[in-house]
Amino acid sequence: MTGLTKCFFLHVQGALEIMDEGRYKYVTDGDKNILTLCIRKVKPNDEGTYKIVVSNIHGEASAECDLYVSGTFLLSRSSFNVSVYEELF
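Reading the values: rules and limits
Residues numbered from 1 in each chain as written. Predicted model: local features only at pLDDT ≥ 70, side-chain atom pairs only at ≥ 80, totals over all residues. Heavy atoms only, no water. Pairing = 2+ DSSP bridges. Helix = DSSP H or I, 4+ residues; strand = E, 2+ residues; numbered from the N terminus. Contact = heavy atoms within 4.5 Å. Buried < 20%, exposed > 50% of the residue type's maximum accessible area, 1.4 Å probe, protein only. Polar contact = N/O pair within 3.5 Å; in protein donor to acceptor, adjacent residues only side chain to side chain.

## A word on the pairing of strand 5 (residues 48–56)
Part 1: Both strand 1 (residues 8–13) and strand 5 contribute to a ladder of six bridges, which runs antiparallel. Across the sheet, residue Phe8 finds its bridge partner in strand 5, namely Ser55.
Part 2: Bridging between strand 5 and strand 6 (residues 59–70) involves nine bridges; their strand directions are antiparallel. Residue pairing for strand 6: Ser55 is matched across the bridge by Glu60.
Part 3: The hairpin formed by strand 5 and strand 6 contains two residues between the paired strands.

Here's what the structure looks like:
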């Protein structure tokens, strides 16, 4: 979602809101309007469906991504062409 109106966003895993703290960090790229959710020290219980909801006064948009943890690598697959690979610590 882009535009001049301020946007609000919310990340959730299942019914839990993910805050920008602890193992979770939001990284933004202002030039490209990209927001990335980073998870440090990924654990098997981090697996699941993650959702982002972005909204402003004009409406709302959302996307989901399924996260799989396997071996020493993190693999994220979604129908929105989101792919993230990160070596675990």
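Now that the structure has been shown, we can carry on.
## A look at the environment of Glu17
Part 1: Considering the arrangement of structural elements, one finds Glu17 in strand 2 (residues 16–18).
Part 2: A sequence separation of 35 residues divides Glu17 from Ile52, and the C-alpha atoms of the two residues are 9.9 Å apart.
Part 3: When residues no more than four places from it in sequence are discounted, the contact partners of Glu17 are Leu10, His11 and Val12.

## Describing the side chain of Gln13
Part 1: Counting through the fold element by element, Gln13 comes out in strand 1.
Part 2: With relative accessibility at 16%, the residue Gln13 sits in the buried group.
Part 3: Separated by 3.1 Å, the side chain of Gln13 and the backbone oxygen of Glu47 make a polar contact.
Part 4: Not counting residues within four places of it along the chain, the set of residues in contact with Gln13 comprises Ile18, Asn45, Asp46, Glu47, Gly48, Thr49 and Tyr50.

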